[in-house]
Amino acid sequence: MNPTHVSLEAIADWDNLASAAWRASAGKRGRYEVRSFLANLLPNLSELRRDILDGTVSIGQGRAFWIRDPKPRLITAACFRERVLQHALMWHVGPLLERALVADTFACLTGRGTGAAVRRTQEHVRRFPWYAKMDVRKYFASIDHDVLRKLLRRRLKGAGMLELVDRIIDAYGDGNGRGLPIGALTSQWFANYYLGPLDRFLLERRRVAGMVRYMDDFVFWGATRDEVRSCADGVDEFLNQTLNLKSRPPTLINRSSHGVTVCGYRVFPGTIQLSRTRRDRFAQALMHWESEWLSERISSLELQRRIDATLGMTVDADARNWIGECVHRRSRSDVIERLDAIKIRISHDDE
């Protein structure tokens, strides 16, 4: 397929920028930076539009911080002005990249997500007897800028737009032509698209029975252990030679009837359960908000809202009885004691 032209004029269109500002501010309108930008929206968008068209828009004005999720991750948060730019860019570029992806990749795509990935996994678990589960070693930090540029130019053209994309790619790299920042909208799209050739390799060249990929975590199925082992060896070679990546050992090969962990769920032919990590996160969040309520730092209404949001991480699991045991009211001392125990267990798991 020939690449599609995307112009800077389309990205800097007034309606596109205004819509991008609205999307970028969703859930963040209480922050000073966002309020300040929106309070002077027309002058700020006018300046951003001018800088985009001139090719002088500033990139790389972000702040970095560490989180535990559950392992340590370095997150880079772009300034609000740059987030507006990224939303404006991906409004045009995102759909073009999405068309290049197979139906069995689920990260960052509207209408797919973790729930769809888990349900698709269960379909494969019921049909095929063996699977291999793999992921990429230090994925975001290992993405090769030159390879990414070549892949993007298969789908996109437009000198000004590609120059802007190249500047975004280079802004947060490690200085050696590798790496995308975790937390940026463009990084999510580019990283998901980067492994598109791997999807094609599995489905079209190795003819796997089925596959599911969520960003750099992927599972594929076959009829025998030897079949999936051979395919896994081929994946290692493909990642190294084509995408300049390495898989993270060990590769997990098992019977589908024993279950597979995908997106925080343990998926079996007849049931979907929460993984231990997700159970701990749910219990930790639940008891944290109960502790906040018992300490009168939040109201009963706010407690209910927080619990409703916390329940969202269990929606695809068959966990009603377990959830019922978690949500019954406890004393303040019991809440704090159990919260500390979960934090200690999570810390030991990370080590």
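What you see is a predicted model, and the numbers here were worked out from it, not measured in a lab.

**What to know about the side chain of T310**
Tracing the backbone shows T310 in helix 14 (residues 300–311). Given the relative accessible area of 6%, T310 is considered buried. At 2.8 Å, the side chain of T310 forms a polar contact with the backbone oxygen of R306. Filtering out sequence-adjacent residues up to four positions away, T310 remains in contact with F282, A285, L286 and W289.

**Looking at the sheet that holds strand 6 (residues 210–214)**
With antiparallel pairing, the four strands of this open sheet are ordered in space as 6-7-4-8. Of all the strands in the sheet, just strand 6 and strand 8 (252–255) have a single pairing partner and so form its edges. Neighbour-to-neighbour, the strand axes of the sheet open up by a mean angle of 15°, direction not taken into account. The pairing of strand 6 with strand 7 (residues 217–222) spans five bridges and is antiparallel. Bridging across to strand 7, V212 finds its partner in V219. Of the strands in this sheet, strand 6 and strand 7 are in contact with helix 11 (residues 196–205), which crosses strand 6 at around 170°. With respect to the sheet, helix 12 (residues 225–242) is in contact with strand 4 (130–135), strand 7 and strand 8, its orientation differing from that of strand 7 by roughly 140°.

**Quick notes on the packing of helix 11 against helix 12**
To characterise two packed helices, one gives the angle between the axes of the helices and the distance between these axes. Closest axis-to-axis distance for the helix 11/helix 12 pair is 11 Å, and the angle between their directions is 145°. Judged by the twist between their axes, the crossing of helix 11 over helix 12 is right-handed. Between helix 11, through P197, L198, F201, L202 and R205, and helix 12, the contact on the second element is made entirely by C231, G234, V235, F238 and L239.

**Considerations on helix 9 (residues 159–171)**
Spanning 13 residues, helix 9 covers 18 Å between terminal C-alpha atoms, matching the ideal 18 Å at 1.5 Å per step. Along helix 9, the positions that sit buried rather than exposed are M161, L162, L164, V165, D166, I168 and I169. Its buried side turned inward, helix 9 meets helix 1 (8–11), helix 5 (80–98), helix 8 (145–153), strand 5 (156–157) and helix 10 (185–194).

**Let's talk about the nonpolar core**
Ranked by size, the top nonpolar core spans 70 residues in total, and within it Y139, F190, L202 and F220 carry the most contacts. Looking at which element gives the most residues to this core, the answer is helix 5, with nine residues. Every residue in contact with F220, bar those within four places of it in the chain, is listed here: W130, Y131, A132, M134, L202, V208, G210, M211, V228, C231, A232 and V235. Judged by nonpolar contacts, the second largest core, of 26 residues, contains F128, W221, V262 and I298.

Conventions adopted
Sequence order sets the numbering: in each chain, residues are counted from 1 along the sequence as written. Local features in this predicted model are restricted to residues of pLDDT 70 or higher, and side-chain atom pairs are both shown and tallied only at a pLDDT of 80 or more, whereas totals for entire chains, interfaces and linings draw on every residue. As a rule here, side-chain values cover all heavy atoms of the structure and leave hydrogens and water aside. A run of H or I in DSSP becomes a helix once it reaches four residues, and a run of E becomes a strand once it reaches two; helices and strands are each numbered from the N terminus. Burial classification: accessible surface area is computed with a 1.4 Å probe over protein chains only, and a residue below 20% of its type maximum counts as buried, one above 50% as exposed, and the rest as partly exposed. Contacts described as polar in this section are N or O atom pairs within 3.5 Å, which, within protein, must combine one atom able to donate a hydrogen with one able to accept it, while residues neighboring in sequence count only if both atoms come from side chains. Residue contacts follow a heavy-atom distance rule, with two residues in contact if any of their heavy atoms lie within 4.5 Å. Pairing between strands is defined by DSSP: at least two bridges between them are needed. To get an axis, a line is fitted to the C-alpha atoms, and for a helix only the part in contact is used. The angle between two axes follows their N-to-C directions and goes from 0 to 180 degrees. We call a crossing left-handed when the near helix sits turned anticlockwise from the far one by less than a right angle, and right-handed when that turn is clockwise. Expected span of a helix: the number of residues minus one, times 1.5 Å. To define a nonpolar core, start from buried Ala, Val, Leu, Ile, Met, Phe, Trp, Tyr and Cys residues and group those joined through side-chain atoms within 4.5 Å.

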